[in-house]
Amino acid sequence: MKQLVSILLLFTLCNSCKKTVAPIKTGLIAEHAMVVSARVEASKIGSDILKKGGNAFDAMAATQLALAVAYPYAGNIGGGGFMIYRKSDGDIGALDYREKAPLAATKSMYLDEKGEVIPEKSTIGAMAVGIPGSVAGIFAVHEKFGSLPIEAIIRPSINLALKGVIVTKKQAAKIKRYQPLFFKANKDSILFSKAWKEKDTIKYPALAKTLERLLIHGKDEFYKGETAKRLVRFIQENGGIITEEDLAKYTVKWRKPTTFMYDDLKIISMPPPSSGGVCLAQIMTMVEPYDLHEFGHNSVKSIQVITEAERRAFADRSFYLGDPDFVNIPDDTLISKSYLNDRMRTFSFEKATLSSDVSHGNVQVVESDETTHYSIVDPFGNAVSVTTTINGAYGSKLYCSDLGFFLNNEMDDFSSKPGAPNMFGLIGGIANSIVPEKRMLSSMTPTIIEKNDKLFMTVGTPGGSTIITSVLQTILNVHEFNMTMQEAVNAPRFHHQWLPDEIRMEPNSFDNTSILQLQKLGYSINEKDSPIIGKVDGILVLDDELLEGGADRRGDDTAIGF
């Protein structure tokens with residue numbers, strides 16, 4: 001009997017040893033430079049720009065355009081985005097090339113005579129389209145920081161559009177899934193009406209011609225030239241309200257990033273009209289006093305602390321945040337330690353806080369899963385973190401066959417009716433109501449991190465409301481739980497956004513005992529509605545100054561470097 005007990009004990013010890021020495025998973029390691037994006041074609045074009053001697057800003061412009069060709073699901077010239085940058089000398093900044101509401105937009109444009117939201121009016125078709133900012137963003141970055149001629153930036157994407165892009169298994173599934181909505185939004189059949197299969201090649205001749213005109217005539221081609229006229233005609237023929245004046249008046253905005261400290265890390269993130277930086281600062285400041293590394297990764301206590309901080313940050317988001325050019329945002333107060341310590345006063349490990357008991361804090365003020373992100377570090381030490389979107393998958397589903405691209409449905413990111421959820425369940429407030437030329441609130445959270453005054457990480461993700469929480473967990477995975485970049489990106493994720501009052505978890509990824517324990521504490525767990533939470537793309541600077549890329553396994557994301 002003693003011998004049997006000894007054998008069992010030895011077997012148990014060996015098994016536990018196996019669990020503790022799981023192989024470390026690292027991403028691509030590169031010595032000089034790296035680009036991580038949603039498609040291999042875009043990462044390669046960005047990396048090739050860097051190989052030619054271009055900098056991170058040249059690569060940003062080239063990668064944005066390449067994603068418009070290779071990843072029409074979210075990559076775009078018919079949408080907008082945000083960029084955070086850190087130059088090699090430590091200079092930091094943010095570019096807002098978010099879409100704007102048309103001049104003819106009104107606060108109640110998506111409501112019926114009873115004041116109720118009209119289904120699909122802000123999500124499908126021409127009325128859902130905001131004024132695109134991506135082309136202006138590309139040219140603004142190149143004009144301010146670019147080093148290569150514009151020909152070198154645009155030509156690779158023209159060539160890619162003419163040569164065509166091979167359809168991946170995941171892309172084929174996405175096209176099939178959204179085809180019924182393509183037929184709903186478009187009067188005629190479009191390029192994506194065909195039953196595309198894995199390994200087919202899709203060519204984009206109309207988009208190539210549009211890019212060729214941009215190369216010749218510059219930014220004004222899209223906002224004042226022939227392309228602008230053709231685009232406005234198409235939108236209006238399909239019942240939209242965007243005019244030539246709307247396009248001509250569009251401008252990007254350089255902004256001051258939201259910055260804060262977490263332990264010895266300096267976090268540099270996107271300010272409003274993105275809610276990303278403020279919410280990230282709130283959540284990280286609220287969790288900082290707790291010993292997460294002692295609690296353990298995705299332990300009950302870690303999930304509790306992070307969930308309760310997320311609940312409170314998202315409650316504030318819905319009330320205070322919007323376009324700072326139109327509303328006063330008390331951002332300094334919102335991210336102050338005294339305010340946030342007070343917000344967590346009602347938290348207890350003994351039971352869940354109810355979202356019905358959490359309103360916005362007392363201060364004296366929506367969004368898509370189908371965004372895309374790319375991270376770049378160049379050989380000179382410059383870094384950019386860029387998140388760009390057309391909002392929903394394939395945006396408004398309205399495809400301009402003449403010009404070769406999908407148009408966004410960003411107008412849904414406004415509060416169509418304060419207090420009513422948008423297509424992603426986010427509750428909006430008056431601060432984010434519709435006003436002509438106003439930029440809609442976003443969750444996009446492109447982020448760069450410094451450690452000891454040196455570049456440490458560039459990170460971001462798509463995922464709508466889950467963007468903020470995915471970026472948060474990736475940073476914590478590296479900093480608190482000593483993961484590699486790839487491990488941090490791969491790790492299972494969870495999410496809470498105040499309302500609905502539930503913790504969303506990636507299915508079959510969390511310990512059943514932990515889930516039961518959380519339910520006993522009063523937390524509602526939802527493993528059905530978020531099979532994927534975020535598709536994080538990041539780059540980590542290692543101790544020996546090599547670069548490690550983390551490309552998310554959840555998509556076709558790819559890191560390329562040299």
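This text goes with the structure placed above it.
This structure is a prediction, so every number in the text was calculated from the model and none was measured. (Residues numbered from 1 in each chain as written. Predicted model: local features only at pLDDT ≥ 70, side-chain atom pairs only at ≥ 80, totals over all residues. Heavy atoms only, no water.)

Q: Which parts of the structure should I look at to understand the overall build of the protein chain?
A: For the protein chain, the count of helices and strands is 18 helices and 21 strands. By the compact-globule yardstick of 24 Å for 562 residues, the protein chain fits well, its C-alpha radius of gyration being 23 Å. If you line up the protein chain on its principal axes, its C-alpha atoms span 85 × 55 × 50 Å. Looking at the protein chain as a whole, 62% of its 562 residues qualify as buried. Once the 62 positive and 67 negative side-chain charges of the protein chain are each reduced to a mean point, those two points are 4 Å apart. (Helix = DSSP H or I, 4+ residues; strand = E, 2+ residues; numbered from the N terminus. Rg over C-alpha atoms; globule rule 2.2 N^0.38 Å. Buried < 20%, exposed > 50% of the residue type's maximum accessible area, 1.4 Å probe, protein only. Lys, Arg positive; Asp, Glu negative; His and termini not counted. Charge placed at Lys NZ, Arg CZ, Asp CG, Glu CD.)

Q: Teacher, can you tell me more about the packing of helix α13 (residues 300–320) against helix α16 (residues 466–479) here?
A: Running from N to C, α13 and α16 cross one another at 145°; their axes reach a closest spacing of 12 Å. Crossing of α13 over α16 shows right-handed handedness. Every residue of α16 that contacts α13 at Ile306, Glu310 and Phe314 is listed here: Ile468, Thr469, Leu472, Gln473 and Leu476. Residues of the contact of α13 with α16, tallied by class, amount to 5 nonpolar, 2 polar and 1 charged. (Axes fitted to C-alpha atoms, helices over the stretch in contact; angles between N-to-C directions. Left-handed = near helix turned anticlockwise from the far one by under 90°. Contact = heavy atoms within 4.5 Å. Nonpolar A, V, L, I, M, F, W, Y, C, P; charged D, E, K, R; others polar.)

Q: Would you take a moment to explain the environment of Arg177 for this structure?
A: With respect to the helices, strands and loops of the structure, Arg177 is situated in helix α6 (residues 169–185). Sequence spacing of Arg177 and Met34 is 143 residues, and the spatial spacing of their C-alpha atoms is 33 Å.

Q: Any chance you could explain the sheet that holds strand β8 (residues 258–262) here in plain terms?
A: Strand pairing in a sheet is mediated by backbone hydrogen bonds. Such pairs are either parallel or antiparallel. Here we have 7 strands laid out as an open sheet, ordered β1-β20-β19-β15-β14-β9-β8, and antiparallel in their pairing. Two strands lie at the open edges of the sheet, namely β1 (29–30) and β8, each paired on one side alone. In the sheet, strand β19 (residues 537–541) pairs with strand β20 (residues 547–551) via 5 bridges, with the strands oriented antiparallel. Following the sheet pairing, Leu540 is matched in β20 by Glu548. Against the sheet, helix α11 (residues 276–287) touches β8, β9 (265–269) and β14 (447–451), its axis set at about 15° to β8. Across the sheet, α16 is in contact with β8, β9, β14, β15 (454–460) and β19; its angle to β15 comes to roughly 140°. (Pairing = 2+ DSSP bridges.)

Q: What am I meant to see in the packing of aromatic side chains here?
A: Two measures describe an aromatic ring pair: the distance that separates the ring centres and the angle between the ring planes. In the structure shown here, the tally under the stated rule is 27 aromatic pairs. Here Phe192 and Tyr399 contribute two aromatic rings whose centre-to-centre distance is 5.6 Å and whose plane-to-plane angle is 80°, an arrangement assigned as edge-to-face. The burial state of Phe192 is the same as that of Tyr399; both residues are buried. Taken together, the ring pairs connect Tyr71, Tyr73, Tyr178, Phe182, Phe192, Tyr204, Tyr394, Tyr399 and Phe406 into an aromatic cluster. One residue, Lys174, lies across the ring of Tyr73, its end atom 4.2 Å from the ring centre. Above the plane of the ring of Trp196 lies Lys194, whose end atom (NZ or CZ) is 4.1 Å from the centre. (Phe/Tyr/Trp six-rings, centres within 6.5 Å; stacked < 30°, edge-to-face > 60°. Lys NZ or Arg CZ within 6 Å of the ring centre and 35° of its normal.)

Q: For this particular structure, what's the right way to read the packing of α13 against helix α18 (residues 512–520)?
A: A pair of packed helices can be characterised by two numbers: the angle between their axes and the separation between those axes. The geometry of α13 relative to α18 is characterised by a closest axis approach of 10 Å and an angle of 50° between their N-to-C directions. As far as their axial angle goes, α18 and α13 are oblique. Our pair here, α13 against α18, has a crossing hand that is right-handed. Between α13 and α18, the residues in contact are Val300, Ile303 and Gln304 and Ser514, Gln517 and Leu518, respectively. Classifying every residue of the contact of α13 with α18 gives 3 nonpolar, 3 polar and no charged. (Parallel < 35°, antiparallel > 145°, perpendicular 65-115°, else oblique.)

Q: I'm lost on the side chain of Glu99 in this one. Help?
A: Secondary-structure assignment places Glu99 in the loop between β4 (92–97) and α4 (134–145). Relative accessible area serves as the criterion here: at 0%, Glu99 is assigned to the buried category. Polar contacts involving the side chain of Glu99 include one to the main-chain amide nitrogen of Gly80, which spans 2.8 Å. (Polar contact = N/O pair within 3.5 Å; in protein donor to acceptor, adjacent residues only side chain to side chain.)

Q: Any chance you could explain empty space enclosed by the protein here in plain terms?
A: Leftover empty space is mapped by rolling, across the atoms, a probe with the size of a water molecule. Roughly 80 Å³ of volume is contained in the largest cavity. What lines the largest cavity is simply Ala68, Pro72, Gly75, Asn76, Ile77, Tyr204, Leu207, Ile390, Tyr399, Gly404, Phe405 and Phe406. The residue makeup of the lining of the largest cavity, split by class, is 9 nonpolar, 3 polar and no charged. The calculated volume of the second largest cavity comes to roughly 70 Å³. In terms of lining residues, the second largest cavity is bounded by Gly296, His297, Asn298, Ser302, Ile306, Gln473, Leu476, Asn477, Phe481 and Phe494. Examining the composition of the lining of the second largest cavity, we find that 3 residues originate from one element, α16, more than from any other. Considering only residue class, the lining of the second largest cavity consists of 4 nonpolar, 6 polar and no charged. (1 Å grid on protein atoms, 1.4 Å probe; cavity = no way out; pocket = protein on both sides within 12 Å on 5 of 7 lines; lining within 4 Å. Points joined across faces, edges and corners; volume = space filled by probe spheres on them.)

Q: For this particular structure, what's the right way to read the pattern of salt bridges?
A: When the charged atoms of two side chains lie near each other, side chains of opposite charge can form a pair. Evaluated as defined, the whole model comprises 31 salt bridges. Where Glu99 meets Arg98, a salt bridge forms, and the shortest distance between an N and an O atom there is 3.3 Å. Residue Glu116 is joined to Lys417 by a salt bridge in which the shortest nitrogen-to-oxygen separation is 3.4 Å. Taking relative accessible area as the criterion, Glu116 reaches 41% and is therefore assigned partly exposed. One connected set of salt bridges, linked through shared partners, spans Asp96, Lys253, Arg255, Asp323, Asp325 and Arg439. (Salt bridge = Lys/Arg side-chain N within 4 Å of Asp/Glu carboxyl O.)

Q: I keep staring at the environment of Asn408 and nothing clicks. Help me out?
A: Its place among the elements puts Asn408 in the loop between β13 (405–406) and β14. Classification of Asn408 as buried rests on a relative accessible area of 0%. Residues contacting Asn408, with those up to four places away along its chain left out, are Gly78, Gly79, Glu99, Ala128, Val129, Gly130, Pro132, Ile390, Gly395 and Ser396. Within the structure, the side chain of Asn408 is placed 2.8 Å from the backbone nitrogen of Gly130, a separation counted as a polar contact. Polar side-chain contacts of Asn408 include one of 3.0 Å to the backbone nitrogen of Glu410.

Q: Help me understand unusual backbone geometry in this model?
A: Glycine aside, the phi torsion of most residues is negative, and most peptide linkages are trans. The omega torsion across Pro272 and Pro273 is 20°, close enough to zero to call that bond cis. Looking at the secondary structure, you find Pro273 in the loop between β9 and α11. Of note, the bond from Leu499 into Pro500 is cis; its omega dihedral lies within 30 degrees of zero at 0°. If you check the backbone angles, Asn391 has positive phi at about 80° while not being a glycine. The topology assignment puts Asn391 in the loop between β11 (383–389) and β12 (399–400).

Q: Please clarify how α18 should be interpreted in this entry.
A: Think of an α-helix as 3.6 residues a turn; residues three or four steps apart then line up on the same face. Within the sequence span of α18, burial applies to Ser514, Ile515 and Leu518. Along the axis of α18, the buried residues cluster in a sector spanning 100°; they form a single face. Away from its buried face by more than 90 degrees, α18 exposes Asn512, Thr513, Leu516 and Lys520. Next to the buried residues of α18 lie α13, β17 (503–505) and β18 (525–526). Residue Gly522 follows α18 closely and has a positive phi angle near 105°. (Arc of directions from axis to C-beta.)

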